[in-house]
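Coordinate analysis (summary)
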Amino acid sequence: MLDRKLIVDQADRVKQNCTHRGVKCDIDRLVQLETARRQKLHEVEELNRKANEMAKSIGQTKDPAEREARKEQGRQLRDQKDAAQAEHDRLEQEVHALELTVPNLTHPAAPIGGEKDSKEIRRGTTAIRKFDFPPLDHVALGEKLGLFDLEAGARTTGHGFYFLKNDGVLLDLALQRYAVEVLMLEGFSLTTTPDLARNEILEGIGFNPRGPETQVYSVENSDLSLVGTAEITLGGMFSGQTLDDGKLPIKIAGISHCFRTEAGAHGQATRGIYRVHQFTKVEMFAYTLPEASDAMHEQLLVIECKIFDGLGIPYRVIDTASGDLGGPAYRKFDLEAWMPGRGKEGEFGEITSTSNCADYQSRRLGIRFKKKGEKGTHFVHTLNGTAVANTRALIAILENYQEADGSVLVPEALRGWVGKDRIASNSTC
RNA sequence: GGAGAGGUGGCUGAGUGGUCGAAAGCGCCGGUUUGCUAAACCGGUGAAGACUUAACCGUCUUCCGCAGGUUCGAAUCCUGUCCUCUCCGCCA
């Protein structure tokens, strides 16, 4: 959510930003409604003031007839106020509905345009490997090695669900442990988070919990939804709070399950465990002072790179173009890992992403900070980044570390936690 | 799941229909005093929004978990809801 004053005062800038983002928003109408709303608000305040004055005078009036007369006047003032208030609230609702559709502003350095305008800005330290045998994709590898079972997932729950099995489980746990280790050393506090959250928190983060295009599962007869990412709960942790500036930045890592309906995503690269309805993720989240969010964003990106350099996975970093940013992000970097089994001769596939949402989420969630010795409060900046999304990381490891005999080497960084150097066919069920 | 109790400013805590955005204490900030520190004393000290101003100041509205209701008037009465605590039951 953007500052309304900013929308009104800089309508042209906001409009142009909407164009860059490829989002249709009726900014003119929003400005017009907001102006009307503010006028109504004055009316309400004025009537309130008069009614308060009247009410006060009644307390000091002794004469019974005079009291009755004033009571009647007071009643009338309140009625007028209620009418004005109702009109104001109606306008407020409309403004709010429009406001929710306005995307965040865009970082001046972010490329403008659609997906193909996104820029590659760096590469990982691991070179793309040349295979002297035809590499398999993760589905074939996983089946051969008994690491996951897609059919059983479909039988029990539906398409897009899976069982991890055997060494697949060990790899999953090792990835989490590895990511947690890195984040701990980077000064993050550790959490495991609720897998459900209130819908108002979802909305604050920028998810739409309802409607046909919703990305999340909601729980019937409640105002809860399954989270699509721990970003939701980690951002909700301090909703409505005012933080001391001395406490910032706050860096929190959260492990959660992620549930996504992937509505409208059918037909795309859905093979295997690339696009699933549930996976486990270690997420980074940061609250910063406004002037510190750019640097924090870079820091989150560097950590993501460190994690995948450490795993020995080749990747590139993408500075996402304006049209591809999604609503809340001010700027977004994606890590795309090289996946040798993807497409004909291998392709890059997204494995992590990190966004600077500036004050877009904190404004909706009411997360402020107070500077010592200064009056008033300001909104914090929020940032998020994936440390490890387990299914995608699993794909990258299997496909990049496969051997001619169909076995898979365990990345050195994970060996201590997996407990072996190589995964060979050893399935038991 | 059952039975109770409670949610007030940074904290503790008073406040059961008007003069309450709210006593008092603590904390914090500023000052006086003072080898230094401490103590003592004096003053100040919530937030959001709007109007006004070059800015400071000032004025108004709203906020006592949240949302409604009663009333001329609500922190105070009523309803719902969320949360916390205690006891009982159940349970990983």
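Note that the structure is a prediction, hence the values are computed from the model and not measured.

**Quick look at the sheet that holds strand β14 (residues 378-379)**
Taken together, three strands build an open sheet; the order of strands is β7-β13-β14 and the sheet is mixed. What marks the edges here is a single partner per strand, and that holds for β7 (242-244) and β14.

**What about the sheet that holds strand β12 (residues 347-356)?**
Read from one edge to the other, the open sheet built from eight strands follows the order β1-β10-β11-β12-β15-β9-β8-β4, with strand pairing classed as mixed. Because the sheet does not close on itself, it has two edges, and the strands there are β1 (119-123) and β4 (189-192). Strand after strand, the sheet turns through a mean of 25° between neighbouring axes, direction not considered. In the packing of helix α7 (residues 167-185) onto the sheet, contacts are made with β4, β8 (250-259), β9 (278-288) and β15 (381-389), and the angle to β9 comes to roughly 10°.

**Re the domain arrangement of chain A**
When cut into domains, chain A gives domain 1 (4-99) and domain 2 (115-423). The centre of domain 1, based on its C-alpha atoms, is set 43 Å off from the matching centre of domain 2.

**Things to note about the nonpolar core**
By size, the foremost hydrophobic cluster in this structure holds 54 residues, and its most contacted members are I307, F308 and L414. Element by element, the count of residues in this core is highest for helix α10 (residues 293-311), at eight residues. Excluding its chain neighbours within four sequence positions, the residues that come into contact with L414 are L171, A174, L175, Y178, L311 and I397. I232, L248, I250 and V380 belong to the second-largest nonpolar core, a separate cluster that totals 20 residues.

**Remarks on the side chain of T386**
Structurally, T386 can be placed in strand β15. For T386, a relative accessible area of 9% puts it in the buried group.

**Let's talk about the packing of α7 against helix α12 (residues 390-400)**
Viewed as axis vectors pointing N to C, α7 and α12 meet at an angle of 110°, and their least axial separation amounts to 10 Å. The angle between α7 and α12 falls in the class roughly perpendicular. Seen from α7, the contacting residues are L171, D172, L175 and Q176; seen from α12, they are N390, A393, L394, I397 and L398.

Definitions and limits used
- Residues numbered from 1 in each chain as written.
- Chains lettered and ligands numbered in written order.
- Predicted model: local features only at pLDDT ≥ 70, side-chain atom pairs only at ≥ 80, totals over all residues.
- Heavy atoms only, no water.
- Pairing = 2+ DSSP bridges.
- Helix = DSSP H or I, 4+ residues; strand = E, 2+ residues; numbered from the N terminus.
- Axes fitted to C-alpha atoms, helices over the stretch in contact; angles between N-to-C directions.
- Contact = heavy atoms within 4.5 Å.
- Domains from an automatic or database assignment.
- Core = buried A, V, L, I, M, F, W, Y, C linked by side-chain atoms within 4.5 Å.
- Buried < 20%, exposed > 50% of the residue type's maximum accessible area, 1.4 Å probe, protein only.
- Parallel < 35°, antiparallel > 145°, perpendicular 65-115°, else oblique.

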